[in-house]
Each structure stands twice: as C-alpha cells, then as structure tokens.
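# Overview (structure and organization)
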Amino acid sequence: MSAIAKSNAHSIVEASPRAKAIAGTIVILYAVISILPLLWIVATAFKSQSDAIAYPPKVFFQPTLEGYVNLFTMRTRQTPDFIAKLPPPTTWYDKLVRQHDMVIAGPSKVVPRFINSLIIGFGSTFLAVFLGTLAAYAFSRFRIPLADDLLFFILSTRMMPPVAVAIPIYLMYRQLNLTDTRLGMILLYTAVNVSLAVWLLKGFIDEIPREYEEAALVDGYTRLQALRKVVLPQAVTGIAATAIFCLIFSWNEYAFAVLLTSGEAQTMPPFIPFIIGEGGQDWPAVAAATTLFVMPIVLFTVLLRKHLLRGITFGAVRK
Amino acid sequence: MTDVVLRNISKRFGSVEAVRDLSLSVNDGEFVVLLGPSGAGKTTTLRLIAGLEQPDSGSVLIDGEDVTRDPPGTRDIAFVFQQYSLYPHLSVYDNLAFPLRSPARRVPERLIKKRVEQTAELLHVSSKLKNSATRLSGGEMQRVAIGRALVRDPAIYLMDEPLSSLDAKLRAELRLELKRIQIELGATILYVTHDQVEAMTMASRIGVIRDGKLLQLGSPREIYENPADSYVASRLGTPPINFLPAHLVPDVAMPDGTEMLGIRTEHLEIGKRNGGTLVGRVHRVEHLGEQNHVHLEYKGKMLVTLADPHQPVDAGEDVELRLKHPLYFDAAGRRIPAVIQ
Ligand SMILES: Nc1ncnc2c1ncn2[C@@H]1O[C@H](COP(=O)(O)OP(=O)(O)O)[C@@H](O)[C@H]1O
Ligand SMILES: [Mg+2]
C-alpha cells in the first residue's frame, strides 16, 4: 500500500497533494509578483498627477481620465482670463483640460508612434516567421551541405547581446539611409528574430513525419503544395509559439529603437519614457501609454495561448 | 494493360545495402506480396518504385516506360504507408479526398464526392466521413488509409504493411476484405509484409526477400512446396518447419549431398512404437483448441508437429516418427529437388 503511494509520488502522472500545494503556492506567488506592477500601472493611469506621486502611495483614489487625455493631446497653459473668454468647451476632454487652465493645442504623437510599433512589430514578426519557416523546412528535410555548421552559425548570431553591434549597425544604416525608417527597423528585428525562428521551427518540423509529405508527393502535389497543405497546418502550434516570441522581442526592443529612431519611425518604447508634463514626467500619461502598449501583446498571447502552451512543451517531450 | 518492372535495382544507405540487385515484375491485375523480416528492404523497394528514393543502379519501368528519374507525382502510383497514413488535421472525408484534390489531377469536386463516398462504402466507413481522422479506431484508421489509395485508379497500389498495427482479429477481417476489393477492382497491388498468413492468403505471387535480396518468387503453393532454400522454407508454415541434420537419420533414404532435412508437420507422422528406428520422446503438448502442437525430442533436437486430436499423446511418452517426403537441403542450404520414394 505504502509502496504504491511512494511510486505514485514519483510518477509523472499524478503529483502528491503536498507537491501540488507547494507548486500551487509558488505559481500564485509568481503570478502576484508579476501581475502587481501591471495592476499598479493600470491604476496609475487613472490617477491625478498628485495622486500618482503621493507618498505613501495611494491605493484608493478618485479616478480621472486626465492621464489618457494628456497622453493623446498637446496642451498649452493659458491665463484664467483667456479661458473665461473662450466659447464654452464642446467636449468632456476640453472641459477636463480647462480645469487646469490649459487648452488643447492638438493631438500628441502617441498614435503615429503606436502605429509604428504595430507595423514594425508585426511586420518583422511576419517576416521572421515566414523566412524562418522556409529555412527550417529546408534544414529539416533536405540534405544541405554544412547544415550543422550553418545552423550553428545562425544560432551564434544570438550569442552576444544585439547591442554589441549597435555602432556598426548605426554606421551601416546611415550609409544606407535606413536610420529612422520603418523598413530599417523591420529588417533589423527580422534579422535578430530569424535565428530564433529557424531553431524553434526546425524542432517542430522535425517532429512532423516525412511520410505525410511523401504521401502528398506521390499523389501528385508539388513540394511547395505539400508544404502548404500538409506541413504548415501541422506546424501551426510551432508557428504560433515562434510568432509570440518574435513579437515580444520586437515589440519591447528599446536599445536599437533609441539609437536608430527619433521621429518618423519611432516606436513606443523610446517614446513612452519621454512623455513630459509640466515640471517633469507625466506619470499618469506614462502609465496610460504603458497600459495601451501591453494590450496587443496580451491580446495576441491570449488568442494564441492554446498553441503557446502546447508549443512550449512540444519539442521537449519526445515519444 | 499496366505492369511494373524492376530491373536489377540496388540501393545502399551508407554501409547498409538495403536492396541488392533486385528484379521483379508485377503484372496487370496481380497481387504480389513481398514477404520478409523487418529490415529486409521491403519499404525501400516500395519507395524506389514510388520515386521517393533514387536507386544507385537499375531501373524502374511502369507500363513499359522507364520512370527511374521521374518525380513521384508523375508515376501514377498510390502508396499506403506503414505509419502516419492519415492527416491528423483533416476529416476522414478530406483525407480520402486529398489525393483527388491534387492540383495535378483537377478532379471536379462533384466527382470527388462520388468517388469518396463509393470508397467509403467499399471499406465500410461511410458513417465516419465527418469524423476527425484522429477520432477513429485502429481498424477504421487503417481502412481509411487504404481508402486514400483506393480513391484513385493508379497503375499500381503499393502497400507497406498496412495491417501490421492491428490486432489479429481485425487483421484477418481486413485481409479478406482487401482481397475481395482487389478482385472486384481488378487492381494491381504490390504488398509488403512480414506476416506469412497475409502472404499466403492474398498473394497471386509471393516474393521472399531477405537482406535486400529477392530469394524466390512464385505462387504461394510453389513457395510452400518447392522452396528454393532452407530460409524460404522456414518463412512459411505454422508451426514452422523443423530442420534435422541428415546424419541423425542414417536409415532414411535421401538424395546425394543432403545435409539437412526440412520436415514440415505434414511430413512427420507420429504413432505408437511399432519397431521403427526413429523414436522420439514427447516433451510437451500444446492444446490450441482445433489443433494440438506436439513438442518432441529426437536425438537432442526439438521437433514440433501437429497431432491428431483423436489420438492423444502424453508428455513423457515415446513415439515412433515416420517421415513422408520431407525436403532435402545441401550444405549451402539450397534445396535438392529430388523426391525419393
Ligand atoms: N533513409 C535511410 N537511411 C539509412 N538507412 C536506411 C534508410 N532507410 C532504410 N534504411 C536501412 O535499410 C534497410 C532496409 O530497410 P527497410 O526497407 O525499411 O526494411 P523493411 O521495410 O523491410 O523493414 C534497414 O537496414 C534500414 O536500416
Ligand atoms: Mg518497412
């Protein structure tokens, strides 16, 4: 009886209640630790300037949309006389701004920056996954001369921090007129991500039996058609997992974005820290920007989470 | 009139000679079974015919045309793989329709539907067409896998141990069905297996293959009755053939050069002692219901034969052995065809 219980404790099928409790506690702790700052940011976005920097920090406060309004607008300070002479405010945000003796001078740069982030993030992710899939397929299925060396070389580009090559890349980009262009950033992030994509996807494609494609070949499909109809549908899990990893990298990338973009192609990460209000950082606006910034990744991950979970454990478990 | 001819095909993988100088022809409407143990080169042979491997030497002819260098898709072949035969991401219907939807074929969807439904009917999987391919029992999966080949009307069907993953009962069932379908369709099939029963029951001709060499090709009867050598003899028959060195039975007449006797159960009768010189001792009797396997020892050699259920023998009993036209093999294992009365 006890022997059975013992063997169960070590079996991979069922963990003991104590092990489960410990694992559960660790997971909950970890979740709290990682979610708390996020919640704090979401809350800060709804605080007033003074509540945001109050000490001790305020957990309960009067919510306001000032942070969001400030994020999306540029404002100028006016004298109360001037404001009194203006026609009455037509919108709720005009009204909100005037309470602080300000008027809206125009939209801020946040929308174009966000669009840059979307285009560069998703563009480079698409390219990295697309190229990575083709390369991984070739490495997995064809006899390629020096395949192992090539694969190692591809991986080795990831062995140093990308910023180590910042200066050569900066010079190169200046020569090629790629600084501060979306195309330049897409190419750069694709180059960084493609190595990860090749390696991850090769693992997934290796697991798909060749017989599936061979059956299609015998039935008269070309190799490309077989890839599309047979391999890709079975690799969706891997492709989704890879896409998330690539997107997270290019979405969050800061160092190159600071170095290579300033106007036209600036993404959100270098933009957010420099949201300045009167007398320094506008923390509620920064928090609002951050909240909006993490949204797409959260959404993307939630949409693909089924694949992600399977994808992460996939290559690890061999039959 | 289509036939498939292999001419002196060889294929090696590194140091492994998977197929050696193999020649074989499959005639129109024929059901040829390649019988051999695992690693004999059966799968490789089929892959060479399909064009999934290129031979190192030799050629493949389909319908008189040399297709050795042609890609698989143009060879007009259907292949049932040993494993991984169904696409897990498609329904049963789409799996069956997949070969017909090949862009090279351009079959209208209406015809595809008809073909798929006919095939499903033939294989008794009509009710499963909407199922996901992963939601089938083993037997159903194998039927659908065979169906994926049968939806087409190719020059030849290549089948790689399609029944090997099934249990004995299903295997027996599908064996019969497959043979019925082959006759019904007049299909040309090259089927490989390691199962002698499948070979004996379905084949018009059997090819026995070992270590990449085709040892003998002939009708099941020929292979059984006139095996070319001791290995071929040992491939067929249950219980398997007994081998007895010739010097242990000095009193038995046999052709010159005989080193080994091959004794199938029908070559060996046992009875009460009656003054004969061949006496063995019964070690064990296995009761298998319809037949009894008798294990007996003769001069240190174990022999297995069938016993008449109505003439029971018991373990420990001495019995007299009578040999009736056994097979004779020379020192190299080749059979000496002479029959001595
Ligand atoms: N792609 C391959 N690479 C290396 N060796 C192979 C390959 N395919 C088959 N072989 C070898 O060739 C021999 C015959 O294999 P196979 O044709 O699969 O045998 P069977 O189907 O009769 O079991 C085996 O020794 C096998 O290990
Ligand atoms: Mg095989």
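### Regarding a nonpolar patch on the surface
All names here are of chain A. Together, I28, V32, I35, L36 and L39 give the surface a local cluster of nonpolar side chains, amounting to about 480 Å² of exposed area. Tracing the backbone shows V32 in helix α2 (residues 17-44). According to the relative accessible area criterion, V32 is partly exposed, its value standing at 44%.

### Some thoughts on the site of ligand 1
Residues and elements named next belong to chain B. Lining the immediate surroundings of ligand 1 are F13, V16, A18, P37, S38, G39, A40, G41, K42, T43 and T44. With respect to ligand 1, the backbone of G41 contributes an N or O atom lying 3.0 Å from an oxygen atom. K42 is positioned with one of its backbone polar atoms (N or O) 2.9 Å from an oxygen atom of ligand 1. Notes on ligand 1: free accessible area 560 Å², of which the protein chains cover 60%. Looking at the shell around ligand 1, the elements with two or more residues in it are β2 (16-26) and α1 (42-50).

### A short note on unusual backbone geometry
The phi angle of most residues is negative, glycine excepted, and most peptide bonds adopt the trans form. Residue P56 of chain A is reached from Y55 of chain A by a cis peptide bond, and omega for that bond is -5 degrees. Position of P56 of chain A relative to the elements: it lies in the loop between α3 (49-52) and α4 (66-72). The linkage connecting T238 of chain B with the following residue, P239 of chain B, adopts the cis geometry, with an omega of -10 degrees. Looking at the secondary structure, you find P239 of chain B in the loop between α8 (230-235) and β11 (242-245). One non-glycine residue, R106 of chain B, lies in positive phi territory at about 55 degrees. Along the chain, R106 of chain B turns up in the loop between α2 (92-97) and α3 (109-122). The backbone phi angle of K299 of chain B is positive, close to 45 degrees, even though this residue is not glycine. Mapped onto the secondary structure, K299 of chain B falls in the loop between β15 (292-298) and β16 (301-307). The exposure class assigned to K299 of chain B is exposed, which follows from its relative accessible area of 52%.

### Section: the sheet that holds β16 of chain B
All names here are of chain B. Spatially, the five strands line up as an open sheet ordered β13-β17-β14-β15-β16, and their pairing is antiparallel. On the outer flanks of this sheet lie β13 (268-271) and β16, each paired with one strand and no other. Each neighbouring strand pair of the sheet contributes to a mean axis angle of 45 degrees, computed without reference to strand direction. As judged from the three bridges shared by strand β14 (residues 279-287) and strand β17 (residues 318-323), these two strands associate in the antiparallel manner. Residue pairing across strands places V279 opposite E320, the latter belonging to β17.

Conventions and cut-offs
Residues numbered from 1 in each chain as written. Chains lettered and ligands numbered in written order. Predicted model: local features only at pLDDT ≥ 70, side-chain atom pairs only at ≥ 80, totals over all residues. Heavy atoms only, no water. Patch = residues over 30% accessible without salt bridge, like charges linked within 9 Å, V, L, I, M, F, W, Y side chains within 5 Å. Areas by Shrake-Rupley, 256 points an atom, 1.4 Å probe, with all protein chains shown as cover. Salt bridge = Lys/Arg side-chain N within 4 Å of Asp/Glu carboxyl O. Helix = DSSP H or I, 4+ residues; strand = E, 2+ residues; numbered from the N terminus. Buried < 20%, exposed > 50% of the residue type's maximum accessible area, 1.4 Å probe, protein only. Near = heavy atom within 4 Å. Polar contact = N/O pair within 3.5 Å; in protein donor to acceptor, adjacent residues only side chain to side chain. Pairing = 2+ DSSP bridges. Axes fitted to C-alpha atoms, helices over the stretch in contact; angles between N-to-C directions.

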